[in-house]
Structure formats: structure tokens, C-alpha cells
Amino acid sequence: MDKRVKKKMEALQQRIQRLKQQLAGAKKQPDDLREIQTLQAQLAAAEAELAKLKAQA
């Protein structure tokens, strides 16, 4: 695994962590249901990309 892939994986892990925090906050204050759906979609996409990178490594 080269440095570029490692760096991308680290960035994705940080993004996933941040999205989980945002999602938890959005669920506590459900002002806009579309925001929750958008965050869930972004989280799923980031997790899928991370899984793909791990499978290649």
C-alpha cells in the first residue's frame, strides 16, 4: 500500500467520524429530515469507498 492510499484512507476515516457526529446531532434536533438523509447517504458513500480501498490493499 503506497502513501497516497494510506493518506486517503486516513482522510476517509476522519470524514466518517465527522459525519457520524453530525448525524447524531441532526437526529437530536430533527429540524430538517432531508439533512439526516443527506448525511446518511454521505456516510454510506464514504464507508463504501473506505471498504473498497481496504479490499484493494
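These numbers come from a predicted model, not from an experiment.

Colleague: It is not clear to me how helix α1 (residues 3-28) should be interpreted in this structure. Could you clarify?
Modeller: Three- or four-residue spacings in an α-helix give side chains the same orientation, since the helix completes a turn every 3.6 residues. Helix length check: α1, at 26 residues, gives a terminal C-alpha distance of 38 Å against a target of 38 Å (1.5 Å per residue), a fit within 8%. If you check which residues of α1 are buried, you get Met9, Leu12, Ile16, Leu19, Leu23 and Ala26. The inward-facing, buried residues of α1 contact α2 (33-56).

Colleague: What's the story with the pattern of salt bridges in this structure? I'm lost.
Modeller: A side chain with one charge may pair with a side chain of the opposite charge, provided their charged atoms come close. For the coordinates displayed, the defined rule picks out two salt bridges. The partner of Arg34 in a salt bridge is Asp32, with the nearest N and O atoms 3.5 Å apart. Judged by its relative accessible area of 31%, Asp32 is partly exposed.

Colleague: Sorry, what's going on with the nonpolar core here?
Modeller: Nonpolar side chains in soluble globular proteins generally cluster together in the buried interior. Among the nonpolar cores identified, the biggest contains 12 residues, and these are Met9, Leu12, Ile16, Leu19, Leu23, Ala26, Ile36, Leu39, Leu43, Ala46, Leu50 and Leu53. Secondary-structure elements contributing two or more residues to this core are α1 and α2. The contacts of Ile16, once residues within four sequence positions are left out, are Leu43, Ala46, Glu47 and Leu50.

Colleague: Can you walk me through the packing of α1 against α2 in this structure?
Modeller: Helix-helix packing is characterised by the crossing angle of the two axes and by the distance between the axes. Running from N to C, α1 and α2 point in directions that differ by 155°, and their axes come no closer than 9 Å. Comparing their axes, α2 and α1 come out roughly antiparallel. The hand of the α1/α2 crossing is left-handed. Its residues assigned to classes, the contact of α1 with α2 shows 13 nonpolar, four polar and eight charged.

Rules used in this analysis
- Residues numbered from 1 in each chain as written.
- Predicted model: local features only at pLDDT ≥ 70, side-chain atom pairs only at ≥ 80, totals over all residues.
- Heavy atoms only, no water.
- Helix = DSSP H or I, 4+ residues; strand = E, 2+ residues; numbered from the N terminus.
- Expected span 1.5 Å × (residues − 1).
- Buried < 20%, exposed > 50% of the residue type's maximum accessible area, 1.4 Å probe, protein only.
- Contact = heavy atoms within 4.5 Å.
- Salt bridge = Lys/Arg side-chain N within 4 Å of Asp/Glu carboxyl O.
- Core = buried A, V, L, I, M, F, W, Y, C linked by side-chain atoms within 4.5 Å.
- Axes fitted to C-alpha atoms, helices over the stretch in contact; angles between N-to-C directions.
- Parallel < 35°, antiparallel > 145°, perpendicular 65-115°, else oblique.
- Left-handed = near helix turned anticlockwise from the far one by under 90°.
- Nonpolar A, V, L, I, M, F, W, Y, C, P; charged D, E, K, R; others polar.

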